[in-house]
Amino acid sequence: MRWARENLFRSWPETIATLLLLSLLWKTIPPFIDWAFLDAVWKPDSKACRASEGACWGFVVEKHRFILFGTYPYELHWRPALATLILIGLWVFSAFRAFWKSWLVAVWAVGLAVIGILMWGGVFGLRYVENERWGGLILTLLLTTFGIAAAFPLGILLALGRRSDMPVIRALSVGYIELIRGVPLISLLFMASVMLPLFLPSGVTIDKLLRAQIAIILFAAAYLAEVIRGGLQAIPKGQYDAAHALALPFWRRTYLIILPQALRIAVPALVNNFIALFKDTSLVLIIGLFDLLSTVKISLNEPAWTGFGVEAYLIASLIYFVFCAAMSSYSKSFEVRR
Amino acid sequence: MIEMVKVNKYFAAFHVLKDIDLSVARGEKVVVCGPSGSGKSTLIRLVNRLEEHQSGKVIVDGVELTDDVKKIDRVRREVGMVFQSFNLFPHLTVLENLTLAPYWVKRVPKKEAEETAMHFLARVRIPEQAHKYPSQLSGGQQQRVAIARALCMKPKLMLFDEPTSALDPEMIKEVLDVMVELAREGMTMIVVTHEMGFARTVADRVIFMDEGRIVEAAPPAEFFSAPRTDRAKLFLSQVLGH
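So, here is what we can say about the structure in this document. This one's a predicted model, so the numbers in the text were calculated from it and none came from an experiment. (Residues numbered from 1 in each chain as written. Chains lettered and ligands numbered in written order. Predicted model: local features only at pLDDT ≥ 70, side-chain atom pairs only at ≥ 80, totals over all residues. Heavy atoms only, no water.)

## With respect to the sheet that holds strand β5 (residues 63–64) of chain B
Backbone hydrogen bonds hold the strands of a sheet together, and the pairing may be parallel or antiparallel.
Residues and elements named next belong to chain B.
Link 1 in the chain: Read across the open sheet, the 4 strands follow the order β2-β1-β4-β5; overall the sheet is antiparallel. In this open sheet, the two edge strands, each paired with only one partner strand, are β2 (14–24) and β5.
Link 2 in the chain: Taken together, the 2 bridges between strand β4 (residues 55–60) and β5 define a ladder with antiparallel strand orientation. Looking at the pairing, V60 lines up with V63 of β5.
Link 3 in the chain: Contacts between helix α1 (residues 40–47) and the sheet are confined to β1 (2–11), β2 and β4, with β1 contributing the most and set at about 120 degrees to the helix. (Pairing = 2+ DSSP bridges. Helix = DSSP H or I, 4+ residues; strand = E, 2+ residues; numbered from the N terminus. Contact = heavy atoms within 4.5 Å. Axes fitted to C-alpha atoms, helices over the stretch in contact; angles between N-to-C directions.)

## Thoughts on helix α6 (residues 103–120) of chain A
All names here are of chain A.
Link 1 in the chain: Its 18 residues place the ends of α6 26 Å apart at the C-alpha level, agreeing with the 26 Å of an ideal helix rising 1.5 Å per residue.
Link 2 in the chain: In this structure, the buried side of α6 is in contact with α5 (78–94) and α7 (137–162).
Link 3 in the chain: Following α6 by one or two positions, G121 adopts a phi angle in the positive range, close to 70 degrees. (Expected span 1.5 Å × (residues − 1).)

## Regarding the packing of helix α3 (residues 94–104) of chain B against helix α4 (residues 110–123) of chain B
Residues and elements named next belong to chain B.
Link 1 in the chain: Look at α3 against α4: their axes get within 9 Å of each other, and the N-to-C directions meet at 125 degrees. Viewed along their axes, α3 and α4 adopt a mutual orientation that is oblique. Of the two possible hands of crossing, α3 and α4 adopt the one that is right-handed. Every residue of α4 that contacts α3 at V94, L95, L98, T99, P102 and Y103 is listed here: K110, A113, E114, A117, M118 and L121.
Link 2 in the chain: Class assignment for the residues of the contact of α3 with α4 results in 9 nonpolar, 1 polar and 2 charged. (Parallel < 35°, antiparallel > 145°, perpendicular 65-115°, else oblique. Left-handed = near helix turned anticlockwise from the far one by under 90°. Nonpolar A, V, L, I, M, F, W, Y, C, P; charged D, E, K, R; others polar.)

## Quick notes on unusual backbone geometry
Link 1 in the chain: At A12 of chain B, a residue that is not glycine, the phi angle is positive and equals roughly 55 degrees.
Link 2 in the chain: The residue A12 of chain B is located in the loop between β1 and β2 in this model.

## Description of the packing of aromatic side chains
All names here are of chain A.
Link 1 in the chain: For the coordinates displayed, the defined rule picks out 17 aromatic pairs over all chains.
Link 2 in the chain: Each ring, one from F32 and one from W35, has its centre 5.9 Å from the other, and the planes form 40 degrees; the classification is tilted. Taken together, the residues span about one helical turn, with F32 and W35 both in helix α2 (residues 12–38) at a distance of 3 residues.
Link 3 in the chain: Owing to a relative accessible area of 42%, F32 belongs among the partly exposed residues under this scheme.
Link 4 in the chain: Taken together, a centroid distance of 5.3 Å and an interplanar angle of 80 degrees make the contact between W91 and W108 edge-to-face. Of this pair, W91 sits in helix α5 while W108 is found in helix α6, placing the two residues 17 residues apart along the sequence. (Phe/Tyr/Trp six-rings, centres within 6.5 Å; stacked < 30°, edge-to-face > 60°. Buried < 20%, exposed > 50% of the residue type's maximum accessible area, 1.4 Å probe, protein only.)

Encoded structure:
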């Protein structure tokens, strides 16, 4: 009671706001519970679904494997499933500071190699699956993983380049960043999928997935560069003075003194960008790759299930949300740390 | 140890240092004073090339400072510097601050670098703070860490740029004590400071600067009792007058 009086009903405007919000919750939450649980249909039966007022989870039950794994051969779904778990495992493992040793690189190398073997197959008696058929959650996670892994260092180099004393390097960095930032990701993806092959010498082909990955990396790097530059600008000049006075050469100085401080300052904005990158991977839909969101969309094309988009998108959103929430809550541990 | 000949320095159109001639012998302690904006800090920042000069010569320990990065590097290894705002690395512990440059620049083995660091921390009387972060220390302690950090590179020459100006009065003494001790051991020192007591006890020579020129250079006894220029008289009356 006392808590309520102090926090919810301290003044008239506050009381009115509290009552308004409570009535809003009262009007929305019970109907949602009715829809999502009480009236919901859990059997994969589209007729029952159409007859019912509630959510049609049956659709998700029926299509969950396609949503999660895309067009990957049905009987081989254990392979992307295992690969997804390994990839998530690698991320979780890397989250522990105690494991931030040089051997972590080796762990990733092995982990990614195993993922590659699982996804492609072609060895150890595993059937070969071309990456045109990869899809669903693993595709989203792989595009994000390699996107961050490559765009982050590239972004650091671009940020340093933009602050370089050497005019050529600075001009190139500025030019790159402004050019890429001035273009929507969709057009980059189109260019990567349509135009890139035209520039390559005949006989050389890069597959669609790699082209999309490159476009995502180039795009994210430009944004990350600006975020990192912001962090670099926040470093007091005295830090440079001290590093110079101790005769630390450029790369040492950058790696040991400047970047650790700049990146920590940039953490909130960096995480913002990583989350955006994670969600932007869904744009690969437009060049015909089936990431998590595309698979949802495609499963809705089946006549029996048209109209049950809400349920499917709700599940997809939930999956996206879980990953983004994990990223942002983990990033908080950097901010508090001194 | 240091030889400056007809040195001029500009910040864009602003003429900061005008025809500076200065030589400092090995083991000599020079205190630089003067009103703010007179070019004192810029003068000592020339010595380890934190600032470039536009004309004249700056020779440190036999090496002339030019754009040649190798030479700059050679000089910086021999010259320690202590700043007004400490400039410790906030993301590293005290011990890491002290071992960083010996390890990465001079390639001293980690263990040896740590022993040296602990030795100098004891000398500046805060060995118990080795594993703290700079922000956990008082200003006086931070500045003593900064002095220890410079000493860990075993420099031949130490530059002090207003080392006590950012400190609370009660912490000034602990820093000055360390500096006096260092001077007694024979370190070559150039100190920009307004601590006239320190100048009197330690300095071999006091240099008074105004508007980018060295206006007076004399032993402290002479400078304090009989300044030759009106500008120096005025300055002294203001600094010593309270």
